[in-house]
Amino acid sequence: MKKINLKEVPVNRYIDLIMFVFLLIFPLLFSQFRVELMGKTMVYMLFAISLDLLWGYAGLMSMGHAVLFGIGGYVLGLSYTLKDGIPEYMQRVGMQEIPFFFKPLLNPEVAFILSIVLAGLVAFILGYFIFSSRINGVFFSLVTLALAEIFSTFISNQTNYTNGSNGLESLPRELFGYSLELNEMYYVVFAILLLIYAFCRWLMSSRFGKTLEGIRENEARLTFMGYNPTQFKIAAYVISGMIAGLAGALYIPMNNFISPSDIGVTLSTYVLVWVAIGGKGNLTGAMTGTLALYWLQILLSEKISDLWLMILGVLIIFVIFVIPKGFVGVLIDRQYQKKAQKIINERKEEEAV
């Protein structure tokens with residue numbers, strides 16, 4: 001049996017291990033208020049992973065990724081508001097019965113599945129028209145940015161059906177009909193995050209993942225070799241969309257509230273910053289960037305709320321100009337350079353002998 005050389009293990013694997021162990025024991029160390037915040041953080045980490053698949057591996061920077069997150073969140077959130085009949089905000093406008101297009105949401109189990117499927121379906125439709133039209137680069141980013149603003153405005157304006165800018169509040173902490181305590185919900189989210197991470201790690205190390213990296217680096221060369229980049233980009237967008245929809249669905253029982261401010265340009269921008277600062281294209285950076293920056297925001301907002309955005313702006317500028325690969329990306333590069341230098345030195349010694 002071949003022995004594992006711990007020095008050869010990628011540094012981001014150590015970071016992953018430490019991070020998941022920390023998340024596992026977190027409820028044992030901190031108050032329920034902090035546990036709820038960390039549960040919400042894990043939902044955002046899952047959301048960041050979905051963007052990293054698209055941006056970090058396929059090179060497609062979506063500036064409106066919160067649309068897919070919002071679809072998942074609102075589908076399940078609306079289902080919960082319909083549990084006890086016609087919601088109060090619908091009654092205020094004179095509705096006497098639940099609209100026919102909301103009938104599938106009367107079953108929370110079906111609604112949970114629909115939150116993932118619909119997000120994937122929207123991603124497929126958008127991806128098909130965008131990538132078939134050969135819209136790439138900054139134009140793809142601008143199209144998705146516009147979609148985020150349109151979706152947020154649409155949800156805000158549909159007061160009769162979504163309660164508009166007031167959002168959906170007092171939502172129950174339950175999944176598949178089971179009412180859960182905070183710690184139970186926390187560990188459900190933790191387990192799902194771990195499973196999705198493992199799935200994405202496997203997927204990105206497969207031929208599919210390597211092909212996405214090839215598209216990111218040189219799409220024209222891949223086309224010349226007989227691949228169809230459009231199909232791979234659509235597939236990546238669908239998988240990314242379904243994970244984002246799953247994150248949005250988990251946000252509902254973890255946060256008990258959702259509004260248009262949770263699904264628009266603001267969240268889309270935040271997740272871009274989290275992934276960029278952590279380091280894209282390795283999954284670890286997306287998770288650690290989200291964990292570090294979201295908690296930095298929480299802690300600084302409690303102390304110096306007026307300066308938080310200024311500090312974030314300075315941090316973004318620092319990363320762009322000094323470490324464009326992100327913090328985790330820098331660590332991975334340094335380990336690779338040390339390994340390469342070691343091989344070069346060994347060959348020089350062999351040649352000298």
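Scroll up for the structure.
A short tour of the structure in this document, coming up. (Residues numbered from 1 in each chain as written. Predicted model: local features only at pLDDT ≥ 70, side-chain atom pairs only at ≥ 80, totals over all residues. Heavy atoms only, no water.)

1. Things to note about the overall build of the protein
Note the threshold: Only DSSP runs of H or I reaching four residues or more are called helices, and only runs of E reaching two or more are called strands; each is numbered from the N terminus. When we talk radius of gyration, it's over C-alpha atoms, and the globule rule is simply 2.2 Å times the number of residues to the 0.38. Buried means the residue's accessible area, taken with a 1.4 Å probe over protein chains only, is under 20% of the maximum for its type, while exposed means over 50%, and partly exposed covers the values in between.
Of regular secondary structure, the protein possesses 14 helices and two strands. Whereas a compact globule of 353 residues would reach a radius of gyration of roughly 20 Å, the protein reaches 22 Å, a difference of no more than 12%. The principal-axis extent of the C-alpha atoms belonging to the protein is close to 90 × 50 × 45 Å. Residue burial in the protein is summarised as follows: out of 353 residues, 49% are buried.

2. Topic: the pattern of salt bridges
This is how it is decided: The salt bridge definition used is simple: a Lys or Arg side-chain nitrogen within 4 Å of an Asp or Glu carboxyl oxygen.
Per the stated rule, a full pass over the model turns up seven salt bridges. Note that Arg201 is salt-bridged to Asp16, the shortest N-O span being 3.2 Å. Of this pair, Arg201 sits in helix H8 (residues 182–205) while Asp16 sits in helix H1 (residues 11–29); the two residues are 185 residues apart in sequence, bridging distant segments of the chain. Each member of the pair, Arg201 as well as Asp16, carries the same accessibility label: buried. A salt bridge links Arg216 to Glu217; its shortest N-O distance comes to 2.9 Å. What makes Glu217 exposed here is its relative accessible area of 58%.

3. Topic: helix H5 (residues 108–132)
To keep things clear, this is the line we draw: For a helix, the expected span equals 1.5 Å multiplied by the number of residues minus one. The bend at a residue is defined as the angle formed between two axes, one fitted to the seven residues ending at that residue and one fitted to the seven starting there. Any pair of residues with heavy atoms lying within 4.5 Å of one another is described as a contacting pair. Counting of polar contacts relies on pairs of N or O atoms within 3.5 Å, with two restrictions inside protein: one atom must be capable of donating a hydrogen and the other of accepting it, and residues adjacent in sequence are counted only when both atoms are side-chain atoms.
Helix length check: H5 (25 residues) gives 35 Å between terminal C-alpha atoms against 36 Å at 1.5 Å per residue, within 8%. Helix geometry: H5 is bent most strongly at Leu114, by close to 25°. Those residues of H5 that sit buried are Pro108, Ala111, Phe112, Ser115, Ile116, Ala119, Gly120, Ala123, Gly127, Ile130 and Phe131. Structurally, H5 contributes buried residues whose contacts are with helix H3 (66–81), helix H6 (137–157), strand E1 (174–175) and helix H10 (229–255). At the N-terminal boundary of H5, the capping side chain belongs to Asn107, with an oxygen 2.9 Å from the backbone nitrogen of Glu109. Positioned one or two residues after H5, Arg134 has a phi angle of 60°, which is positive.

4. What to know about the nonpolar core
What counts, and what does not: For our purposes a nonpolar core is just a set of buried Ala, Val, Leu, Ile, Met, Phe, Trp, Tyr and Cys residues, chained together by side-chain atoms within 4.5 Å.
In terms of nonpolar packing, the biggest core is built from 108 residues, with Leu23, Leu46, Leu193, Leu212 and Leu250 touching the most fellow members. Looking at this core element by element, the count peaks at 16 residues for helix H2 (residues 32–57). Ignoring sequence-local partners within four residues, the contact set of Leu193 consists of Phe20, Leu23, Met42, Met45, Leu46, Ile49 and Met287.

5. Here we look at a nonpolar patch on the surface
As a reminder of what qualifies: Only residues above 30% relative accessible area that lack a salt bridge enter a patch, with like-charged residues linked at up to 9 Å and the nonpolar side chains Val, Leu, Ile, Met, Phe, Trp and Tyr linked at up to 5 Å. Residue-level accessible areas treat just the shown protein chains as cover; the underlying method is Shrake-Rupley with a 1.4 Å probe.
There is a patch of nonpolar side chains on the surface, built from Leu17, Val21, Phe22, Leu24, Ile25, Leu28, Leu29 and Phe30 and spanning about 740 Å² of accessible area. Relative to the helices and strands, Phe22 resides in helix H1. In this structure Phe22 comes out as partly exposed when scored by relative accessible area, which is 31%.

6. A short note on helix H11 (residues 265–278)
If you check H11, its first and last C-alpha atoms are 20 Å apart, about what 14 residues at 1.5 Å a residue would give, namely 20 Å. Of all the positions in H11, only Leu267, Ser268, Val271, Leu272, Val273, Trp274, Val275, Ile277 and Gly278 are classed as buried. Summarising the contacts, the buried residues of H11 are in contact with H2, H3, H6, helix H12 (284–304), helix H13 (308–322) and helix H14 (326–352). Within two residues after H11, Gly279 carries a phi angle of roughly 120°, on the positive side.

7. Brief notes about the side chain of Asn12
Along the chain, Asn12 falls in helix H1. A relative accessible area of 5% places Asn12 in the buried class. Once you skip the residues sitting within four places of it in the chain, Asn12 turns out to touch Arg201, Asn282, Thr284, Val328 and Ile332.

8. Considering unusual backbone geometry
Phi at Arg134 is positive, roughly 60°, even though this residue is not glycine. Checked against the element boundaries, Arg134 lands in the loop between H5 and H6. For Phe176, which is not a glycine, the phi torsion comes out positive at approximately 50°. In this structure, Phe176 sits in the loop between E1 and strand E2 (178–179).

9. With respect to a negative patch on the surface
Our working rule: Under the convention used here, Asp and Glu are negative, Lys and Arg are positive, and both His and the chain ends fall outside the count. We put the charge of a Lys on NZ, of an Arg on CZ, of an Asp on CG and of a Glu on CD.
The grouping of Glu346, Glu349, Glu350 and Glu351 at the surface amounts to a negative patch. As for its placement among the helices and strands, Glu351 is situated in helix H14.

10. What about the environment of Tyr294?
For Tyr294, the position within the fold is in helix H12. You can call Tyr294 buried: its relative accessible area is 8%. Sequence separation between Tyr294 and Ser170 is 124 residues, and the spatial gap between their C-alpha atoms is 23 Å. Among all residues touching Tyr294, those that are not within four sequence positions of it are Leu37, Lys40, Thr41, Tyr44, Trp274 and Gly289.

Limitation: the analysis is restricted to geometry and does not speak to function.
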